[in-house]
Amino acid sequence: MKLGFVSDSLSNLPFETMLDHAKRMGVSGVEVNTCGWSTAPHFRLSSMLGNKEGQKRFVGAFEERGLEIICLNANGNPLHPTDPAQREGLRDTIRVAGELGIRTVCTMSGLPAGNATDTIPNWIVSSWPPETQTILKYQWEEKLIPFWTEIVALANANGVERIALELHGNQCVYNVPSLLKLRQAVGPIIGTNLDPSHLFWMGADPLVAAQALGEAVYHVHAKDTMLNAPVQATTSLLENGSLMDLPARSWSYITLGFGHGEEWWRQFCYRLKMAGYDGWLSIEHEDVLLNSLEGLEKSVALLQGVMPSAPADYKPQAI
């Protein structure tokens with residue numbers, strides 16, 4: 001496996017300063033945010049598309065430091081009913097990835113409205129009352145599958161081989177069954193960006209999910225979650241309070257090791273390897289209490305101590 005981080009983890013720093021820190025910390029690459037819910041301070045999507053000179057300078061900044069571009073990340077809601085810019089951002093990200101020779105794009109599945117006249121995304125997480133099933137049928141059959149059929153064709157046309165969907169709340173694809181359902185419907189270009197932090201707060205087990213997904217794991221975000229048991233006891237893990245008010249929340253994103261310790265992350269890496277994954281671990285720092293650079297350094301140090309990096313070479317002796 002190889003270690004890197006998401007560029008927005010250091011969104012407050014200039015592009016080359018961010019890369020300098022990547023080199024100093026000893027990671028191998030950086031995942032680059034391009035649009036959507038990110039202001040993408042390190043990558044101007046509109047000016048990079050078709051810009052050979054700009055692309056050359058961008059790639060050169062990585063090469064000068066011995067770093068790789070892990071992938072491009074168009075995180076957002078590409079099926080938002082009133083914000084077509086998020087769809088176009090994903091399409092343009094795929095086109096730029098093709099121009100740069102990048103084979104993996106990370107994004108979200110998207111979440112449409114509940115019917116053709118609604119204007120607000122609608123996340124269905126229960127089977128009752130009965131209208132929930134009508135909404136799901138509309139979202140999957142009329143919006144999600146047609147959209148991703150088109151996006152898969154666009155990826156094929158641009159040489160993008162893997163689209164890694166993050167299993168994220170407020171998206172149609174948020175767990176193992178929904179990812180596998182879409183993958184079966186539109187083909188194996190669709191896989192997952194396995195981020196354990198979201199599975200933690202939704203009540204799933206990332207260790208089991210890694211093995212259940214197997215060859216469908218195309219990318220991994222390394223992000224941790226703290227479950228705040230005293231608050232959870234009265235509010236559950238269905239949390240809509242401010243992300244900035246950690247004491248009041250039942251769960252919060254947190255620096256690696258502060259929610260789940262080194263032993264858990266060692267098991268996670270091993271389970272990924274058991275499932276056949278030997279790709280990137282890309283740290284995504286979203287801890288509101290720790291300084292971003294400090295939190296990233298602590299996360300890098302933890303993963304450097306537990307992740308497999310050399311090829312396996314054990315063979316039983318011929319006795």
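See the structure above.
Here is what the cut-offs are and how they apply
Residues numbered from 1 in each chain as written. Predicted model: local features only at pLDDT ≥ 70, side-chain atom pairs only at ≥ 80, totals over all residues. Heavy atoms only, no water. Helix = DSSP H or I, 4+ residues; strand = E, 2+ residues; numbered from the N terminus. Buried < 20%, exposed > 50% of the residue type's maximum accessible area, 1.4 Å probe, protein only. Contact = heavy atoms within 4.5 Å. Polar contact = N/O pair within 3.5 Å; in protein donor to acceptor, adjacent residues only side chain to side chain. Disulfide = S-S within 2.5 Å.

1. Quick look at the environment of H285
Move 1: Relative to the helices and strands, H285 is located in the loop between β10 (280-283) and α11 (292-306).
Move 2: Given the relative accessible area of 11%, H285 is considered buried.
Move 3: Between the C-alpha atom of H285 and that of W140, which follows or precedes it by 145 residues, the distance is 32 Å.
Move 4: Other than its neighbours up to four places away in sequence, H285 contacts S9, T255, L290, N291, S292, G295 and L296.
Move 5: Polar contacts involving the side chain of H285 include one to the main-chain carbonyl oxygen of D287, which spans 3.5 Å.

2. Points about the state of the cysteines
Move 1: Under the definition given, this model contains 0 disulfides.
Move 2: Free cysteine C71: the closest other cysteine sulfur is in C106, separated by 3.7 Å.
Move 3: Owing to a relative accessible area of 0%, C71 belongs among the buried residues under this scheme.
Move 4: Unpaired in terms of disulfides, C269 finds its nearest cysteine sulfur in C106, a separation of 17 Å.

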